[in-house]
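# Summary of the model geometry
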Amino acid sequence: MIAAAEVHVAIELTVNARPASFAGDPSMPLLWYLRDHAHLTGTKFGCGIGYCGACTVHVDGVAVRACVTPMSALSGRTVITIEGLAHGGALHAVQQAWIEEDVPQCGYCQAGQIMAAVDLLKRKSAPTDADIATLTNLCRCGTYPRIRKAIRRAAAQLNAART
Amino acid sequence: MSVVNALSAASAVSAASGPSAAGAAGAVSGRHALTRREFLQVSASAAGGLVVSLVMPPLAAAEGAAPPKLPAAVNQPLGSFVRIEPDGRIVIGARGCEIGQGVRTSLPMLIAEELDVPWSAVTVEQLPYGLIASPDPPGLASRYGPQGAGGSTSIPDAWHELRQVGARARWLLVQAAAQVWQQSAAALRTEDAQVAHPDGRRLSYARLAQRAAALTPPDGDVPMKDKSAYHIIGHPTRVADGRDIVTGVAAYGIDAALPGALTVLIARCPYFDGSLGELDDSEARRIPGVRQVVTIPPPRAGAPLDRNLAAGVAVIADDFWSAHRGREALRIRWTAGPGAKDSSAALEQRAAAAFGKGGLIARQDGDFAAARRTAARIVERTYIEPFLAHATMEPPNALIDLKANRALLVASLQSPGDASRMINAMTGIPRPDIEIRLPRTGGGFGRRLQNDFVAEAVLVAQKAGVPLKVLWTREDDLQNDFYRPFGVHRLSAALDATGRVTGWSHRVAATARKWRAAGMEDETDWIGCVDRDGFPAGCVENYVAEFLPVDFQLARGWWRAPLPTFAAFPIESFLDEVAHESRQDPLALRFALLGAPRELDYRDHGGPKLHTGRLAEVLRQAARAIGYGRKLPPRHGVGLASHFTHGGYAAHAIEVAVSEHGELDIVRCVCAADVGAIVNPLGLDAQFMGGTVDGLSTALSLEITVKAGRVQQANFPDYPLMRMARAPDVEVHLIESGFPPSGSGEMGIPPVAPALVNAIFAASAVRLRRLPIGAQLKGVSRQSRAVS
């Protein structure tokens, strides 16, 4: 889609366990590479300034805001999006908890919420309310109380699976 | 590849947990909606039924893989909403715009209940906008009935109609079984997607579907279940497409794709009624990926705002990033409009001055002036509410493909009927040839009752001649909204020596909602600004409600529970103040005013009646749940408020703590609601939980202001929606009142702000009369210490 007039060194990266290559403008944010070029539209646009978290994905296992992460920073990196979170049809415990607690309303922010929650649970296996309160993703529908319950449910399930 | 198949759009969602892709669908407006009888005839005669389009999953374009997940329809549909597949899958069409209010779940539940099938066997399929040509005047027919989302009407509109849809399909299946068995239909019953013979034999719906589809449905209604037999309605049911949402495959308008479609970003004039002065797009055109730059005209000065909101320069490019770079490279000089020097500060002065003049009397009972003259005590207070933006998480967008004689629109919408009319008016394309698909919508809140972004897409497409998708950034969204009106409320109460309220005056100086609104010619001048018949109207013998319109250059629109939210804050705050001033308990004063349970006339949306007993009951339940009257820790306080909203009743009881330093802690949040018959208690809980959080978020932090003719807020840091850290849990108590259902998407907000400030007063002896609360609490706390 990028015009031939602008030639850049290809950036090689891994997206959802598959190799990917991008030869466009290296200043393009990862969000728009994912949405417009990789056709992975589960990652959402909300603010474009890294504030709302709707675009949260994992880069090398850590949550980042894709709307302010340029492609130039992703050479050799591994990106996981919401589409790549489940393994072989088996949902991640956080996704399953989101369904069981019936979290989504409009659902638009939830991919980012889930990616942020998965990241939190990697760092805090039994998160307190204060830990959960460090999540800064916005939800205009006000699903926060059910997100809290879903995170606690997922944490319990992940911990049970570990023991 | 045809246009239809190329869209990553229409498809199905499983009600249980099966895999699926998400869909595009449609809606209709009331103006062209048929009577129920006509509608059922159309439904029954429409051939083809549910449209099953091939699905292109998100990765397909990149990988060229993934076959369609749904088998092609084999069986004929039973009416327009139900198809039963040979494998036993029950496919039910969802007609509404899903904006987060849960209609993609709750509306199919109504059908499934009367069809008498297990919910786990149901696959929900989003329907497109269903306008078809008809031989009868006006030449158009609504295939699915009301499809828009606004005013919390989806459930009340559907309550009888969609249960009948299910019951009629079941009726056909029973008739088919009666034919097979040569048995009277009256002796047969249904259960578990089967028809049961008295001798124990059974025939599955799947085996009967083809025969049933060939039968003629009866005129008029068929019998429906007794509610004691309900196994779906009234039972907690998760959102039908939850799995699609959590796996990222649910498609929203912003995700719609079409081969060859270009991406458009528009630089809009920041001055209301301004225009394009000079444009230099030479640099923008040099950005790789930028294909065209076109201009779009402003609305005609002073004319109704029925198209786009602003003059603009549209950059048409291969993708978002090149469009963004192109837009950044534009050099534009805008010509300011007539409001170029105006500001929120000046508006507030004009509103204050308006009270010196007479306004429009919206309602008058008895003689307030006389009651005031003879009162033992008079209480007067002023409250201020700001402009609000909608800030849907998914910014506006529209994908359009204009051909000579037909059009395709895929967008996140709330009013596809209006979109259809607008495209028809702008292009001349007959409405039945305008295909509108409705993907999931990332929040509505009233923003998408306006289709200005669709108008932009049409204007750009007419010039560019290619299919394209207009995207909005957050800055575009916050600065080009139809804002909830600004208002100053002055309330006066006259009390006799016993503390009885003998007179009530509510004067509202506000930016009229009706100002330059399209299609509102027949509405009152105070629509959206004065709740003339809301409580305590009808409960005070001398009552006056008055409207004082104030000029300002900013578009206005409906914002979730528009009038109730605007009215509840001043009214319910003032009731609290009147109680404290006259040394009465705020709850007891409300009960005294509400009086005996009875119906009062209510002429605006949600009427025709307001039941005082139902309003009293939600207050009673909220007060009981929070333990109203119990001894509280120091610096804690409980506040109450209730409101009648669009036919439903809700009350909030909020406990807060206010520290010596003015730090506010929301300790507990209770909401009691009576919205009549309960379709999905889990969905209702979500709506009231979310509404409460929305109400708190808005009351605490949100306002839109104008300086030098421009909206000052640009992105979320300036319009800080509540985050997790501040959001309390919400205890929702649903009351089964036995009344028919109202909706539920809006009732959870109006009492929140007044309950909150009433609680703050109870905790700190300080009264907040201006929203948002913002930084006022700091000053308030000092004042509190000075008082105590």
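Heads up: the structure comes first, above all this text.
In this report, the structure presented in the accompanying data block is examined.

The rules behind each value
Residues numbered from 1 in each chain as written. Chains lettered and ligands numbered in written order. Predicted model: local features only at pLDDT ≥ 70, side-chain atom pairs only at ≥ 80, totals over all residues. Heavy atoms only, no water. Helix = DSSP H or I, 4+ residues; strand = E, 2+ residues; numbered from the N terminus. Rg over C-alpha atoms; globule rule 2.2 N^0.38 Å. Buried < 20%, exposed > 50% of the residue type's maximum accessible area, 1.4 Å probe, protein only. Contact = heavy atoms within 4.5 Å. Areas by Shrake-Rupley, 256 points an atom, 1.4 Å probe, with all protein chains shown as cover. Phe/Tyr/Trp six-rings, centres within 6.5 Å; stacked < 30°, edge-to-face > 60°. Lys NZ or Arg CZ within 6 Å of the ring centre and 35° of its normal. Pairing = 2+ DSSP bridges. Axes fitted to C-alpha atoms, helices over the stretch in contact; angles between N-to-C directions. Buried area = accessible area lost by both parts, 1.4 Å probe. Salt bridge = Lys/Arg side-chain N within 4 Å of Asp/Glu carboxyl O. Polar contact = N/O pair within 3.5 Å; in protein donor to acceptor, adjacent residues only side chain to side chain. Nonpolar A, V, L, I, M, F, W, Y, C, P; charged D, E, K, R; others polar. Parallel < 35°, antiparallel > 145°, perpendicular 65-115°, else oblique. Left-handed = near helix turned anticlockwise from the far one by under 90°. Expected span 1.5 Å × (residues − 1).

### Details of the overall build of chain A
When helices and strands are counted, chain A shows five helices and five strands. Ordered by position in the sequence, the α and β elements of chain A form the string β-β-α-β-β-β-α-α-α-α. Against the globule reference of 15 Å for 163 residues, chain A gives a C-alpha radius of gyration of 16 Å, in line with a compact fold. Dimensions along the principal axes, computed over C-alpha positions, put chain A at roughly 50 × 35 × 25 Å. For chain A, the proportion of its 163 residues judged to be buried stands at 60%. Long-range contacts, defined as pairs at least 24 residues apart, comprise 57% of the intrachain contacts of chain A with a sequence gap of at least 6. Surface exposure of chain A reaches about 5,800 Å², of which carbon and sulfur atoms provide 56%.

### Remarks on the packing of aromatic side chains
Residues and elements named next belong to chain B. Applying the stated criterion across every chain yields a total of 15 aromatic pairs over all chains. Plain terms: the ring middles of Y602 and F644 are 4.8 Å apart, the flat faces sit at 75 degrees to each other, and that makes the pair edge-to-face. Highlighted residues: Y602 in the loop between β24 (599-601) and β25 (609-611) and F644 in strand β26 (residues 636-645), separated in sequence by 42 residues. The class for Y602 is buried, based on a relative accessible area of 4%. The structure contains a cluster of three or more aromatic residues connected by ring pairs, namely F387, Y483, F486 and F552. Above the ring of W472, the side-chain terminus of R268 is found at 4.0 Å from the ring centroid. Seen from the ring of W558, R513 lies directly overhead, with NZ or CZ sitting 4.2 Å from the centre.

### Considerations on the sheet that holds strand β28 (residues 664-674) of chain B
Residues and elements named next belong to chain B. One open sheet holds the four strands; their spatial order is β26-β27-β28-β31, and the pairing between them is mixed. If you trace the sheet from one side to the other, it starts and ends with β26 and β31 (731-734), each paired once. Averaged over all neighbouring strand pairs, the angle between strand axes comes to 15 degrees, with direction disregarded. Where β28 and β31 come together, four bridges link them in parallel fashion. Note on β31: the bridge partner recorded for C671 is V732.

### Quick notes on the sheet that holds strand β20 (residues 468-471) of chain B
Residue and element names in this part refer to chain B. Strand order in this open sheet of seven strands is β12-β13-β10-β20-β17-β18-β19, and the pairing throughout is mixed. A strand with exactly one partner marks an edge of an open sheet, and here the two such strands are β12 (290-296) and β19 (434-437). Looking at each pair of strands side by side, their axes are set apart by 20 degrees on average, direction ignored. Bridging between strand β10 (residues 262-268) and β20 involves three bridges; their strand directions are parallel. Counted as the bridge partner of V264 is V470 from β20. Relative to the sheet, helix α12 (residues 416-427) contacts β17 (397-402), β18 (407-410) and β19, its axis offset from that of β19 by approximately 150 degrees.

### Points about the pairing of strand β3 (residues 56-59) of chain A
Residues and elements named next belong to chain A. Across the two faces of β3 the burial is the same, with T56 and H58 and V57 and V59 all buried. The pairing of β3 with strand β4 (residues 62-65) spans four bridges and is antiparallel. Its bridge partner being in β4, H58 is matched across the sheet by A63. Between β3 and β4, which follow one another and run antiparallel, lie two residues, and D60 among them has a positive phi close to 50 degrees. In terms of strand pairing, β3 meets strand β5 (residues 78-80) through two bridges, oriented antiparallel. Directly across from V59, in β5, lies its bridge partner V79.

### Regarding the interface of chain A and chain B
Contacts between chain A and chain B engage 57 residues on the former and 65 residues on the latter. Summed over both partners, the interface of chain A with chain B comes to about 5,400 Å²; 60% of that surface belongs to carbon and sulfur atoms. For the pair chain A and chain B, the number of links is six salt bridges. Residue A:D25 pairs with B:R325 through a salt bridge whose shortest N-O separation is 2.8 Å. At the junction of chain A and chain B, the tally comes to 30 residue pairs in polar contact (both at pLDDT 80 or more). Mapped by element, the contributors of at least two residues to the side of chain A that touches chain B are α1 (30-37), α2 (93-100), α3 (110-123) and α5 (144-162) of chain A. Per-element tally for the side of chain A that touches chain B: the top contributor is α5(A), with five residues. Of the residues that constitute the side of chain A that touches chain B, the class distribution is 31 nonpolar, 14 polar and twelve charged.

### Quick look at the packing of α3(A) against α5(A)
All names here are of chain A. The geometry of α3 relative to α5 is characterised by a closest axis approach of 11 Å and an angle of 45 degrees between their N-to-C directions. Classed by the angle they form, the pair α3 and α5 counts as oblique. For the crossing formed where α3 meets α5, the hand is right-handed. Residues Q110, Q113, A117, L120 and L121 of α3 lie in contact with α5, whose contacting residues are I147, I151, A154, A155 and L158. Along the lines of polarity and charge, the residues of the contact of α3 with α5 split into eight nonpolar, two polar and no charged.

### Focus on the side chain of B:E572
Residue and element names in this part refer to chain B. The residue E572 is located in helix α15 (residues 562-581) in this model. The class of E572 is buried, set by a relative accessible area of 2%. Contacts of E572, omitting those with residues within four sequence positions, involve F535, R590, A641, S642, P754 and N758.

### Notes on helix α13 (residues 452-464) of chain B
All names here are of chain B. Along its 13 residues, α13 runs 18 Å from first to last C-alpha, staying within 8% of the 18 Å computed at 1.5 Å per residue. With eleven of its 13 residues buried, α13 lies for the most part within the structure. Burial in α13 covers these residues: D452, F453, V454, A455, E456, A457, V458, L459, V460, A461 and A464. Downstream of α13 by one or two residues, G465 has phi in the positive range, about 70 degrees.

### Some remarks on the pattern of salt bridges
If the charged atoms of two oppositely charged side chains come close together, the side chains can form a pair. Residues and elements named next belong to chain B. Under the defined criterion, the tally for this structure stands at 67 salt bridges over all chains. Two residues, K225 and E113, come together in a salt bridge whose shortest N-O distance is 2.5 Å. With K225 in the loop between α6 (205-213) and α7 (242-247) and E113 in helix α4 (residues 103-115), this pair connects stretches of sequence that are 112 residues apart. Judged by relative accessible area, which is 13%, K225 ranks as buried.

### Points about the environment of A:H37
Mapped onto the elements of the fold, A:H37 is located in helix α1. In this structure the C-alpha to C-alpha distance between A:H37 and A:P127, which are 90 residues apart in sequence, comes to 36 Å. A polar side-chain atom of A:H37 sits 2.7 Å from a polar atom in the side chain of B:D319.

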